[in-house]
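# Structural features, examined
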Amino acid sequence: MIYLDNAATSWPKPATCIHALEHFIAKIGANPKYSLHQQARVGEDVMDEARSNVAKILGVKQPKHIVFTLNATEALNRILWGYADRGFRVLASRYEHASITRPLSILKKRRRIKIERIGDPVTGIISPDHVHEACENNPANLLVITHASNLTGTLQPVDKIVSAAHEHGCAVLADVAQTAGVLPIKADKWGVDFLAFAGHKHLLGPMGVGGFYVADPDMLEPVIVGSAGPGDASDEIPTGMPSRLEPGTPNAPGIAGLGASCLGLLDKGVSNIRKEHQRLTKKILDAFREVPGLKIYGPADVRKRTGIIAFNIDGLRPCEVGEYLDQKFEILVRTGLCSCYWGNELIGTIPDGVVRASLGYFTKDDDVELLIEAVGMIAEDLPRSV
Ligand SMILES: Cc1ncc(COP(=O)(O)O)c(C=O)c1O
């Protein structure tokens, strides 16, 4: 079986991740948030180490400003609900995932925020000029930008956009769900205000872990509150980080697994992973360009995209191609709108979406070659239904 659905969640997971998760459950077990006994302290150390590994990967100097959540969806919701206030004007790219567009749409109804989609009408890429243009006569409070589209892999120049937005007093939330672990991220250097990540995608942690980084915790109202542990002396919300934004029992075994995976990524070097993905992506794109009737979405230049390859074959629905890849070749990809409605509108793939193959840490040349062969055979042989 060839797993090319790493944009949904990565698989397989490193042995070190599985071992750390099992070890936490079997040998540590205690609740790192509530108690002060020796086992709880061991658990807390494991969480601290994981926090510090994630911080290194995200280019964050203050690990305490990293908050663990269940997934990137929860992280994004907590940032948007905790920051976007009544009357806010929010700018967003056209590639935002449903975990951003849906909370924004509810915020529009309940808090009367205004939403404006900006960026190039063909590529969807936002330049500093787009930001200046949008903010010049009409101030915005927040710019939300997905570092790499989960639909086409298209990269956004987050570093350049942050300074443009800050010139107008507009804060920036970068969604790095598709880039953390495969592309160097420099939160501090970029000066980004908020960053949301998925621990279970390219950071190679288990499902059930994600989180966010906040530059200034006072900017964010806690959305979920509860016990912060032994220091709870009143109903006031604690001011220290991460307690202020991380109440309740965490997925400590999952976080232990994430910490171990991140250590492996730091040893390997994210830029080496990036080079390997660029090489494999180029191999697929070069081969796909030779297939008659196959359309590829996103930038041609592998420096401007990640290892996500979205495509369609003339006369075939994406779900038919996906099913054939699955049933006949045991190649697992995602098909459809990929939770990115506005991105599909941009690239003209409503209502059926695309076939999306996404590379992962363990993807090899053999996997890519079989994908190329299988797609070539489908394009040539499969009877057309549309
Ligand atoms: C760009 C992007 N943002 C957010 C999410 C939501 O992540 P999660 O599945 O961890 O909730 C995804 C998931 O695919 C994504 O691709």
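Report follows, based on the coordinates.

Turning to the side chain of serine 93, a few remarks are in order. Note that serine 93 resides in the loop between strand 3 (89-92) and helix 4 (98-110). Looking at serine 93, its side chain comes within polar contact range of the side chain of glutamate 96, at 2.3 Å. Here serine 93 is in contact with Arg117, Ile118, Ile126, Val144, Thr146 and Gln156, once residues within four sequence places are set aside.

The next thing to look at is the sheet that holds strand 4 (residues 114-117). Through backbone hydrogen bonds, the strands of a sheet pair up, either in parallel or in antiparallel fashion. Reading across the sheet, the seven strands line up as 2-8-7-6-5-3-4 and stay open at both edges, with mixed pairing between neighbours. Only two strands of the sheet have a single partner each, and these edge strands are strand 2 (66-69) and strand 4. Across the sheet, the axes of successive neighbouring strands diverge by a mean angle of 20°, strand direction being ignored. Its contacts with the sheet place helix 4 against strand 3, strand 4, strand 5 (142-146) and strand 6 (171-175), and it is angled at close to 140° to strand 4.

We now examine the site of the ligand. Every one of the 15 residues lining the ligand counts as a neighbour, but Thr73, Asp175, Gln178, His200 and Lys201 are closest to it. Between the ligand and histidine 97, the relevant distance is 3.5 Å, taken from an oxygen atom to a side-chain nitrogen or oxygen of the residue. Contact between the ligand and lysine 201: an oxygen atom at 2.6 Å from a side-chain N or O atom of the residue. In isolation the ligand exposes 390 Å². Once the protein is present, 92% of that is buried. By residue number, the principal contributor to the shell around the ligand is helix 3 (residues 72-83), which donates three residues. Here the shell around the ligand is built from residues that sort into five nonpolar, eight polar and two charged.

Bringing the pattern of salt bridges into the picture now. Considering all chains together, one arrives at 14 salt bridges under this definition. Lysine 283 is the salt-bridge partner of aspartate 365, the closest N and O atoms lying 2.6 Å from each other. With a gap of 82 residues between them, aspartate 365 in helix 12 (residues 365-381) and lysine 283 in helix 9 (residues 270-289) connect regions that are remote in the sequence. According to the relative accessible area criterion, lysine 283 is partly exposed, its value standing at 26%.

If you look at the biggest cluster of nonpolar residues, it comprises 50 residues, and the most contacted ones within it are Leu58, Val131, Leu143, Leu195 and Phe197. Among the elements that line this core, the one with the most residues is helix 8 (residues 252-268), at seven residues. For leucine 195, the contacting residues outside a window of four places in its chain are Leu58, Ile79, Leu173, Ala174, Val176, Ile185, Ala187, Gly211, Phe212 and Tyr213. By size, the runner-up hydrophobic cluster in this structure holds 30 residues, among which are Ile309, Leu325, Val333 and Ala374.

Here we take up the pairing of strand 3. Of the two faces of strand 3, the one holding Arg89 and Leu91 and the one holding Val90 and Ala92 are both buried throughout. Pairing analysis gives four bridges linking strand 3 to strand 4, with the strands arranged parallel. Bridge assignment links alanine 92 to a residue of strand 4, and that residue is arginine 117. In terms of handedness, the path from strand 3 via helix 4 over to strand 4 forms a crossover that is right-handed. Of the strand pairs in this sheet, strand 3 and strand 5 are connected by three bridges, and their pairing is parallel. Within the sheet, the bridge partner assigned to leucine 91 lies in strand 5 and is leucine 143.

Our next topic: the packing of aromatic side chains. For the structure on display, the rule yields seven aromatic pairs. With centroids separated by 6.4 Å and ring planes inclined at 65°, the aromatic side chains of tyrosine 324 and phenylalanine 329 adopt a geometry described as edge-to-face. Among the residues examined, phenylalanine 329 registers a relative accessible area of 22% and is labelled partly exposed. An aromatic cluster is defined as three or more aromatic residues linked by ring pairs; in this entry it consists of Tyr83, Phe88 and Phe194. Across from the ring centre of tryptophan 342, 4.2 Å away, lies the NZ or CZ of arginine 117, which sits over that ring. Stacked on the ring of phenylalanine 329, the Lys or Arg lysine 328 has its end atom at 5.8 Å from the ring centre.

Read across the open sheet, the four strands follow the order 9-10-13-12; overall the sheet is antiparallel. Edge positions in the sheet fall to strand 9 (294-296) and strand 12 (334-336), since each of these pairs with one other strand and no more. Direction aside, the axes of adjacent strands within the sheet are offset by 30° on average. Set on the sheet, helix 9 makes contact with strand 9 and strand 10 (308-313); between it and strand 10 the angle comes to about 15°. Across the sheet, helix 12 touches strand 9, strand 10 and strand 13 (354-358), and the angle it forms with strand 10 is around 15°.

Each value, and the rule that gives it
- Residues numbered from 1 in each chain as written.
- Predicted model: local features only at pLDDT ≥ 70, side-chain atom pairs only at ≥ 80, totals over all residues.
- Heavy atoms only, no water.
- Helix = DSSP H or I, 4+ residues; strand = E, 2+ residues; numbered from the N terminus.
- Polar contact = N/O pair within 3.5 Å; in protein donor to acceptor, adjacent residues only side chain to side chain.
- Contact = heavy atoms within 4.5 Å.
- Pairing = 2+ DSSP bridges.
- Axes fitted to C-alpha atoms, helices over the stretch in contact; angles between N-to-C directions.
- Near = heavy atom within 4 Å.
- Areas by Shrake-Rupley, 256 points an atom, 1.4 Å probe, with all protein chains shown as cover.
- Nonpolar A, V, L, I, M, F, W, Y, C, P; charged D, E, K, R; others polar.
- Salt bridge = Lys/Arg side-chain N within 4 Å of Asp/Glu carboxyl O.
- Buried < 20%, exposed > 50% of the residue type's maximum accessible area, 1.4 Å probe, protein only.
- Core = buried A, V, L, I, M, F, W, Y, C linked by side-chain atoms within 4.5 Å.
- Right-handed = clockwise from strand over helix to strand, strands pointing away.
- Phe/Tyr/Trp six-rings, centres within 6.5 Å; stacked < 30°, edge-to-face > 60°.
- Lys NZ or Arg CZ within 6 Å of the ring centre and 35° of its normal.

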